[in-house]
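As a plain string of letters, each chain reads:
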Amino acid sequence: MRFAWHGTTQALLEIEALRVTPGERMFLRGPSGSGKSTLLSLLAGVLTPSAGEILLLGHDLAMLSGAQRDRIRADHVGFIFQMFNLIPYLSVMENVMLPCGFSERRRVRARERGGTVEAEARRLLGALDMADAGLLARSVTQLSVGQQQRVAAARALIGAPELVIADEPTSSLDADRRNAFVDLLFRECRASGSALVFVSHDPGLAPLFDRMVELTTINQAPETQMPMG
Amino acid sequence: MNAILTLALKSLRNRRGTALLTVLSIACAVLLLLGVERLRHESRESFTNTISGTDLIVGARSSPVHLLLFSVFHVGNATNNISWDSYRAIAQRPEVAWSIPLSLGDSHRGFRVLGTSADFFEHFRFGDRRRLELAAGKALDGPFDTVLGAEVAAQLGYRLGDRIVVAHGSGEVSFSLHEDHPFTVTGILARTGTPVDRTVHVTLAGMDAMHEDNATGPAADPLGAAMVRRGPQRQPGREDSHAHAAERAGGEEHAEDEHAAITAFLVGLKSRPAVLSMQRYVNEYPDEALTAILPGATLPELWEIVGAAEKALFGVSVLVAVVGLTGMLIALLTSLSERRREMAVLRSVGARPAQVFALIVGEATVLTLAGIALGVALLYGGLFLGQPWLEARMGLYIPIALPSGRELTLAALVALAGIIIGLVPGYRLYRHSLADGMTIRI
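Here the residue numbers are simple positions, counted from 1 along each chain's written sequence. To label them, take the chains in the order written and letter them from A, then take the ligands in the order written and number them from 1. Per-residue local features of the predicted model are confined to residues with pLDDT of at least 70, and side-chain atom pairs are confined, for both listing and counting, to 80 or more; whole-chain, interface and lining totals are unaffected and use all residues.

Trainee: Looking at this structure, how should I read the overall build of chain A?
Mentor: Scanning chain A for helices and strands turns up 9 helices and 9 strands. Residue burial is a threshold on neighbouring C-beta atoms within 10 Å of the residue's own C-beta, all placed from the backbone, with 20 or more meaning buried, 12 or fewer meaning exposed, and counts in between meaning partly exposed. Classification of the 229 residues of chain A by burial places 45% in the buried group. Numbered from the N terminus, helices here are DSSP runs of H or I no shorter than four residues, and strands are runs of E no shorter than two.

Trainee: Please clarify how the overall build of chain B should be interpreted in this entry.
Mentor: The helix and strand inventory of chain B stands at 15 helices and 12 strands. Each of the 442 residues in chain B was classed as buried or not, and the buried ones make up 42%. Long-range pairs, those at least 24 residues apart, make up 79% of the contacts in chain B between residues at least 6 apart in sequence. By the criterion used throughout, residues are in contact when their C-beta atoms, derived from the backbone, lie within 7 Å.

Trainee: So what exactly am I meant to see when it comes to the pairing of strand 11 (residues 264-269) of chain B here?
Mentor: A regular strand carries its side chains on alternate faces of the sheet. Residues and elements named next belong to chain B. Bridge count for strand 1 (residues 56-60) against strand 11 is 4 bridges, and the pairing is antiparallel. Residue pairing across strands places Gly59 opposite Ala264, the latter belonging to strand 11. Relative to strand 11, strand 2 (residues 96-108) is paired through 6 bridges, and the arrangement is antiparallel. For Pro101, the partnering residue across the bridge sits in strand 11 and is Phe265. Paired strands are those between which DSSP finds at least two bridges.

Trainee: I'm lost on the packing of helix 7 (residues 145-157) of chain A against helix 8 (residues 175-192) of chain A in this one. Help?
Mentor: The packing of two helices is summarised by the inter-axis angle and the distance between the axes. All names here are of chain A. Running from N to C, helix 7 and helix 8 point in directions that differ by 15°, and their axes come no closer than 11 Å. One way to sum up the angle between helix 7 and helix 8 is to call them roughly parallel. As for how helix 7 packs across helix 8, the hand of that crossing is right-handed. For the pair helix 7 and helix 8, the contacting residues are Gly146, Gln149, Arg150, Ala153 and Leu157 in the first and Arg177, Phe181, Leu184, Leu185, Glu188 and Ser192 in the second. Note on residue classes: Ala, Val, Leu, Ile, Met, Phe, Trp, Tyr, Cys and Pro are nonpolar, Asp, Glu, Lys and Arg are charged, and everything else, Gly too, is polar. Taken together, the residues of the contact of helix 7 with helix 8 sort by class into 5 nonpolar, 3 polar and 3 charged. Helix axes are fitted to C-alpha atoms over the stretch in contact, other axes to C-alpha atoms as well, and angles between N-to-C directions run from 0 to 180 degrees. Roughly parallel refers to an angle under 35 degrees, roughly antiparallel to one over 145, roughly perpendicular to one between 65 and 115, and oblique to any angle outside these ranges. By convention the crossing between two helices is left-handed if the near helix lies anticlockwise of the far one by an angle smaller than a right angle, and right-handed if it lies clockwise.

Trainee: Looking at this model, I keep getting lost on helix 8 of chain A. Mind explaining?
Mentor: An α-helical segment advances 3.6 residues per turn. Residues three or four places apart therefore align on the same side. Residue and element names in this part refer to chain A. Given a rise of 1.5 Å per residue, 18 residues ought to cover 26 Å, and the 26 Å separating the end C-alpha atoms of helix 8 matches this to within 8%. Residues of helix 8 that are buried include every one of Arg178, Phe181, Val182, Leu185, Glu188, Cys189 and Ser192, and no others. Taken end-on, helix 8 shows its buried residues confined to a sector of 135°, consistent with a single buried face. With respect to the buried face of helix 8, the exposed residues turned more than 90 degrees away are Asp176, Asp183, Arg187 and Arg190. Looking at the buried positions of helix 8, the neighbouring elements they touch are strand 3 (25-29), helix 5 (117-127), helix 7, strand 7 (163-167) and strand 8 (195-200). Just past helix 8, the residue Gly193 takes up positive phi, approximately 70°. By this rule, a helix spans an expected 1.5 Å times one less than how many residues it contains. Each C-beta atom gives one direction from the helix axis, and the arc is the one those directions make.

Trainee: I'm lost on the environment of Thr199 of chain B in this one. Help?
Mentor: All names here are of chain B. Note on placement: Thr199 falls in strand 10 (residues 199-203). Residue Thr199 is classed as buried on the basis of its 23 C-beta neighbours within 10 Å. Between the C-alpha atom of Thr199 and that of Glu151, which follows or precedes it by 48 residues, the distance is 8.1 Å. The residues touching Thr199, leaving out its near neighbours within four places in the chain, are His74, Phe111, Arg112, Leu114, Gly149 and Val152.

Trainee: Honestly, the packing of helix 3 (residues 64-73) of chain B against helix 11 (residues 295-306) of chain B in this entry has me stumped. Any pointers?
Mentor: Residue and element names in this part refer to chain B. Packing of helix 3 against helix 11 brings their axes to within 9 Å, and their N-to-C directions diverge by 95°. Classified by the interaxial angle, the pair formed by helix 3 and helix 11 is roughly perpendicular. When helix 3 is examined against helix 11, the residues Pro64, Val65 and Leu68 are found in contact with a partner set consisting of Pro295, Thr298, Leu299, Glu301 and Leu302.

Trainee: Hey, could you run me through the interface of chain A and chain B in this one?
Mentor: Interface size is commonly expressed as the accessible surface area that is lost when the partners come together. Facing 23 residues of chain A, the contacting portion of chain B comprises 18 residues. Of all the secondary structure elements, the ones that give two or more residues to the side of chain A that touches chain B are helix 1 (36-43), helix 2 (66-76) and helix 3 (92-102) of chain A. By residue class, the composition of the side of chain A that touches chain B is 16 nonpolar, 5 polar and 2 charged.

Trainee: Can you walk me through the pairing of strand 10 of chain B in this structure?
Mentor: Residues and elements named next belong to chain B. Counting buried positions over the 5 residues of strand 10 gives 5, a clear majority of the element. Residues of strand 10 alternate between two faces, with Thr199, His201 and Thr203 on one and Val200 and Val202 on the opposite face, all of them buried. Pairing between strand 7 (residues 145-148) and strand 10: 3 bridges, direction antiparallel. Its bridge partner being in strand 10, Thr146 is matched across the sheet by Val202.

Trainee: What should I look at first to understand the nonpolar core in this one?
Mentor: For soluble globular proteins, the rule of thumb is that nonpolar side chains tend to be buried together. Note on terminology: a nonpolar core is any set of buried Ala, Val, Leu, Ile, Met, Phe, Trp, Tyr and Cys residues joined through C-beta atoms within 7 Å. Counting 96 residues, the largest nonpolar core has Val96, Ala154, Ile158, Ile165 and Val197 of chain A together with Ile26 and Val30 of chain B as its most contacted members. Of all the elements, helix 14 (residues 353-394) of chain B adds the most residues to this core, at 10 residues. Once you skip the residues sitting within four places of it in the chain, Ile158 of chain A turns out to touch Val96, Met97, Pro99, Cys100, Arg106, Ala110, Glu120, Ala121 and Leu124 of chain A. With 58 residues, the next largest nonpolar core counts Leu67, Ile90, Val147 and Ile293 of chain B among its residues.

Trainee: How do you make sense of the sheet that holds strand 8 of chain A when you look at a structure like this?
Mentor: Note on sheets: strands pair through backbone hydrogen bonds, and any given pair is parallel or antiparallel. Residue and element names in this part refer to chain A. The strand order across the open sheet built from 5 strands is 6-7-8-3-9, with neighbouring strands paired in parallel fashion. Two strands close off the open sheet at either side, each with one partner strand: strand 6 (77-80) and strand 9 (211-214). Averaged over all adjacent pairs, the angle separating strand axes in this sheet is 20°, with direction ignored. Across 4 bridges, the pairing between strand 6 and strand 7 is parallel. The residue bridging Phe79 from the neighbouring strand is Ile165, located in strand 7. Relative to the sheet, helix 1 contacts strand 3, strand 7 and strand 8, its axis offset from that of strand 7 by approximately 160°.

Trainee: How should I be thinking about helix 3 of chain A in this particular structure?
Mentor: Taking burial as the measure, the 11 residues of helix 3 of chain A include 9 buried ones, the bulk of the element. What helix 3 of chain A keeps buried is the set Val92, Asn95, Val96, Met97, Leu98, Pro99, Cys100, Gly101 and Phe102 of chain A. In this structure, the buried residues of helix 3 of chain A make contact with helix 2, helix 4 (104-114), helix 5, helix 6 (133-137) and helix 7 of chain A together with helix 1 (2-14) of chain B.

Trainee: Before we go on, may I ask you to explain the confidence of the model for chain A in this structure?
Mentor: Reading predicted coordinates in detail is not appropriate for stretches of low pLDDT. Summing up the model confidence of chain A, the mean pLDDT is 79 and the portion of residues at 70 or higher is 90%. Scored between 0 and 100, pLDDT is the confidence that the predictor attaches to each residue. Overall, residues 225-229 of chain A carries pLDDT values under 50, and its contacts beyond four positions in sequence, including any with other chains, amount to 10 contacts.

Trainee: Looking at this structure, I do not really get the environment of Thr21 of chain A. What am I missing?
Mentor: Residues and elements named next belong to chain A. Within the secondary structure, Thr21 is located in the loop between strand 2 (13-14) and strand 3. Take Thr21: there are 9 C-beta atoms within 10 Å of it, and that puts it in the exposed class. Separated by 174 residues in sequence, Thr21 and Ala195 place their C-alpha atoms 7.1 Å apart.

Trainee: Before we go on, may I ask you to explain the environment of Glu342 of chain B in this structure?
Mentor: Along the chain, the position of Glu342 of chain B falls in helix 13 (residues 336-348). For the pair Glu342 of chain B and Val356 of chain B, spaced 14 residues apart in the sequence, the C-alpha separation amounts to 9.7 Å.

Trainee: Mind showing me how you'd approach unusual backbone geometry here?
Mentor: Leave glycine aside and you will find that most residues have negative phi; peptide bonds, for their part, are mostly trans. We note that Glu168 of chain A has phi near 45°; this positive angle belongs to a residue other than glycine. Here Glu168 of chain A is to be found in the loop between strand 7 and helix 8. The backbone of Arg109 of chain B sits at a positive phi, close to 45°, despite the residue not being glycine. Positionally, Arg109 of chain B belongs in the loop between strand 2 and strand 3 (111-116).

Trainee: Where do I start with the confidence of the model for chain B in this structure?
Mentor: Here chain B shows a mean pLDDT of 79. Residues at 70 or above account for 83%. Reported confidence for the predicted complex is 0.80 by ipTM and 0.68 by pTM.

Next comes the structure, spelled out in structure tokens:
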């Protein structure tokens, strides 16, 4: 698989093969500017490779239309960002249930697990220590960063998507909270059978995972200076 | 799409301060746009309804607009008079159903005095063929009776039985008063919203008597007595009567149906199709240079002139609408940078770029539609409250009717413009979300 930004000939990513098995917890490590976020966008089908293929549950993302890729992402991928995960004008519950508004499949799966989408959202928040009524009533902008990340995790997990992608979700958390967050994430990924691709530049977390992949090792593209992380 | 609409509404609720201001500014723009449109329509309507049911207006040879101005709107003066003989000759033609003589040139404390006959109250029509109605008293009867327009009575505080003195010329201040012949207020007309409201109506006989008596005094109006032919700036009607008076050695009673020259007259025909041939007959009248106009044809011509201000007003209200919508564009654009993060999150949960686009355009649409709804509500509220005032003070009756086709078109244009304006930030975010993907740029 090869990826170059539009208008450049210089490849940013050139990866022979990278495989994530169902339910696997993979730690993807790379320094800033190594193309981590680009790789995640490729995995999620927001970007398409310049050459090669990306298979997600058997679908070749490069062969699909934008709308089809959006559909696959909505159905099968949960995403956690480094920060600003939440829609400020939605409540905690609404933020968690957001993917079910875009994906019929995740709505159905959420109902299978919790009875209703609301119940499943509340169950996930509970599992992430966020079930407190006071917290739920609060505006998402009033939550602490750690609380926001847990709401984002619940959103990524609702409807049990096959793949959860976390892009440096712990970089704004201190060490104690970081480990607690990763533990909670593991537990819920296992419960829903989701594979987890966890991206970080912090090697301290690596031993907790099934497998660690060094992006600089698998990327055969010559190193370039990229403006983005 | 449902999810997107819900998001749009919640996003607007979150920014309700800005949203409310935007809605308010659009509402004001719509209120102004539709209000001006309605005022424009109604004032035009009321203007063209100043006179109705009259087939021809006849005056001395002049431009049609000029004739209309002085005979109906009482603006400016006649260039010349019509002799009583010519009036009789035309009025007695078989095609003529009725005629109303008009003699102008005097004033009472700034209000025009119209010398006419009882036929005026019988045959004059305005608006939707409404006839003049008396609010109090009776129509003209004796020679020194006067019937006041509603505005005259209201402004000067006259009541039935009051005696008023008429002045020569049309100015507010006149040095030549016809003090010997006070008129008695015998009737006050109901409000019409036309120049009739601002007119003092007297009989032709009373007017003649007043001027003749003035003319008998040697110092009263020497110019008038001396000059039989006169320039346009003089008050022709009066001098003509003076001339007549001199010929008749003054002071004698007129024959029953014999008056001094008049300024103009209104004609109603028995059958409308005769109007063009009648007009040609008057325009080619051999004994005197006369002009006959069709009010229905000349009123729109005059409106073209006085209606220029109305076009400017409409232009201004269009600009206000543009400003209101620009305000929305600014509000939407300034929120864009903070919303790029939001869009990345929405993309990550599966929103398509088209849905991101729809979210922004949807918000603009909701804002615009809410603004239009509020604007229309304000318009009707304002009409409801302002209607009595407008009728009393401006003589402009604005019916509370459903929006006209033109008003609906204007509202639809505002809605369309609002949606198009929403496309600008919508497209920008769409481009961003395609390019950024889920990368959150701060």
